[in-house]
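Chain by chain, the residues:
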Amino acid sequence: MRRLLLFAIFGLAALVGCDTAALETESQVVVEAYLEAGAPMDSVRITRTARASAEYTPGRTAVEGADVQVQRLNDSGGVAATVPYAETDSTDGLYVPEPPAPVEPRATYRLRAAPPEGPVVTAETTVPALVEAVRTENDTTTYPDPDDENSAPPQFELTVRPGPSALERQNVYVLTSRSLLDLQSIPASPPDSVAGRLLTPFYLEQYDADSDTLASFRVNSSGLLNEANFTANDDGTVGITLPWLAVAFYGPNQVRASVVDNNLYDFLRTQSAQQMSLAPGEIPNIDEDIENGTGIFGSYAEASGKVLIRPPASAVDGALPPSR
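My aim in this report is to walk through the structure given alongside it, one point at a time. (Residues numbered from 1 in each chain as written. Predicted model: local features only at pLDDT ≥ 70, side-chain atom pairs only at ≥ 80, totals over all residues. Heavy atoms only, no water.)

Moving on, we get to the overall build of the protein chain. From N to C terminus, the protein chain includes five helices and 16 strands. Here the protein chain holds 324 residues, and 45% of them are scored as buried. Counting contacts in the protein chain only where the partners sit at least 6 residues apart, residues at least 24 apart contribute 73% of the total. Put simply, the protein chain shows about 15,600 Å² of open surface, and 47% of that area lies on carbon and sulfur atoms. (Helix = DSSP H or I, 4+ residues; strand = E, 2+ residues; numbered from the N terminus. Buried < 20%, exposed > 50% of the residue type's maximum accessible area, 1.4 Å probe, protein only. Contact = heavy atoms within 4.5 Å. Areas by Shrake-Rupley, 256 points an atom, 1.4 Å probe, with all protein chains shown as cover.)

In structure tokens form, the structure reads like this:
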């Protein structure tokens with residue numbers, strides 16, 4: 001479940017709401033699953049599409065009683081190993097591996113989900129190679145002072161060592177920052193006077209105490225970034241600088257650099273195209289490779305580090321809440 005939440009910021013519901021397949025009268029099975037290189041296999045969520053005029057909620061559209069498994073394929077495309085999944089009692093439509101086998105880097109996996117009614121849904125992903133966090137720099141730094149145009153504090157940098165690409169292209173990253181503040185210790189929608197000592201200037205301008213919660217700003221993603229956007233070092237490592245715009249909260253933040261597979265790459269690339277200002281009828285479908293269904297079955301490898309962002313002198317005074 002934790003890994004499903006990792007990519008929740010990418011908005012799978014957008015796929016269901018914007019793909020023309022979701023507007024068809026006949027319901028489709030939606031699968032959502034992610035594999036992390038080197039980590040135990042995580043859960044699979046299986047739902048059905050809703051009508052365009054209906055609210056899409058995983059609980060109301062859950063597919064129960066499906067036969068779910070993830071197969072590791074060998075070099076010839078045959079099945080080398082199979083991990084069965086069982087439906088959980090706590091969440092409808094959520095299936096967990098029994099037992100959760102580790103995800104092998106650079107291996108190809110097939111998701112096979114057979115609902116009680118309808119055809120078997122399948123999808124495949126080739127997992128990226130492992131990414132190693134080598135070092136971090138400027139682990140504690142101060143956010144630029146918006147009242148001082150000459151303010152240029154050092155930026156946090158995460159240096160990683162990516163493995164060789166399992167695909168015929170350069171590595172593509174998603175850079176994600178997540179605040180580690182204990183937001184449960186303060187009101188979900190505090191007044192601006194409180195939010196001002198928690199949120200950095202850009203996000204404070206976006207914040208509306210009447211309609212926003214602090215939790216909605218906790219996780220921020222860069223979108224897709226080619227490896228060429230970062231600093232290539234002579235020792236084969238890559239230096240990734242955290243842009244200030246990715247930091248929503250002062251205090252401790254976790255920064256993750258994730259190398260994505262082709263499925264996540266295509267999903268995010270076409271989702272970004274959907275969010276552009278296009279005329280009606282010109283919005284492209286989400287590019288996903290699911291046989292007999294829709295959704296996302298993707299994989300990634302990640303490295304992470306932590307940084308403490310101090311507020312500038314001009315920020316509202318006051319102690320930050322504790323970290324989680």
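Moving on from the model shown.
Turning our eyes to something else, we now look at the pattern of salt bridges. Within this structure, the stated rule accounts for six salt bridges. In this structure, the salt-bridge partner of Arg-269 is Asp-266, at a minimum N-O distance of 3.0 Å. In this pair, Arg-269 and Asp-266 both sit in helix α5 (residues 262-274), three residues apart, roughly one turn of the helix. On the basis of relative accessible area, Arg-269 is assigned to the partly exposed category, the value being 35%. (Salt bridge = Lys/Arg side-chain N within 4 Å of Asp/Glu carboxyl O.)

Turning next to the nonpolar core. Residues Ile-46, Val-68 and Tyr-109 are the most contacted members of the largest nonpolar core, which totals 48 residues. A total of five residues in this core trace back to one element, the largest contributor, which is strand β16 (residues 294-310). The residues contacting Val-68, other than those within four sequence positions of it, are Val-44, Ile-46, Pro-84, Tyr-85, Tyr-95, Leu-111, Arg-112 and Ala-113. Of all hydrophobic cores here, the second largest spans 12 residues; its members include Leu-181, Leu-198, Leu-199 and Phe-217. (Core = buried A, V, L, I, M, F, W, Y, C linked by side-chain atoms within 4.5 Å.)

This part covers the packing of aromatic side chains. Within this structure, the stated rule accounts for six aromatic pairs. Taken together, a centroid distance of 5.4 Å and an interplanar angle of 85° make the contact between Tyr-173 and Phe-230 edge-to-face. You can see Tyr-173 sitting in strand β11 (residues 172-179) and its partner Phe-230 sitting in the loop between β12 (219-226) and β13 (231-232), a full 57 residues away along the chain. The pair Tyr-173 / Phe-230 is uniform in exposure class, with both members buried. Ring geometry for Tyr-203 versus Phe-217: centroids 6.2 Å apart, planes at 85°, classification edge-to-face. Placement of the pair is Tyr-203 in helix α4 (residues 201-206) and Phe-217 in the loop between α4 and β12, with a sequence separation of 14 residues. The exposure classification of Tyr-203 matches that of Phe-217, with both residues buried. (Phe/Tyr/Trp six-rings, centres within 6.5 Å; stacked < 30°, edge-to-face > 60°.)

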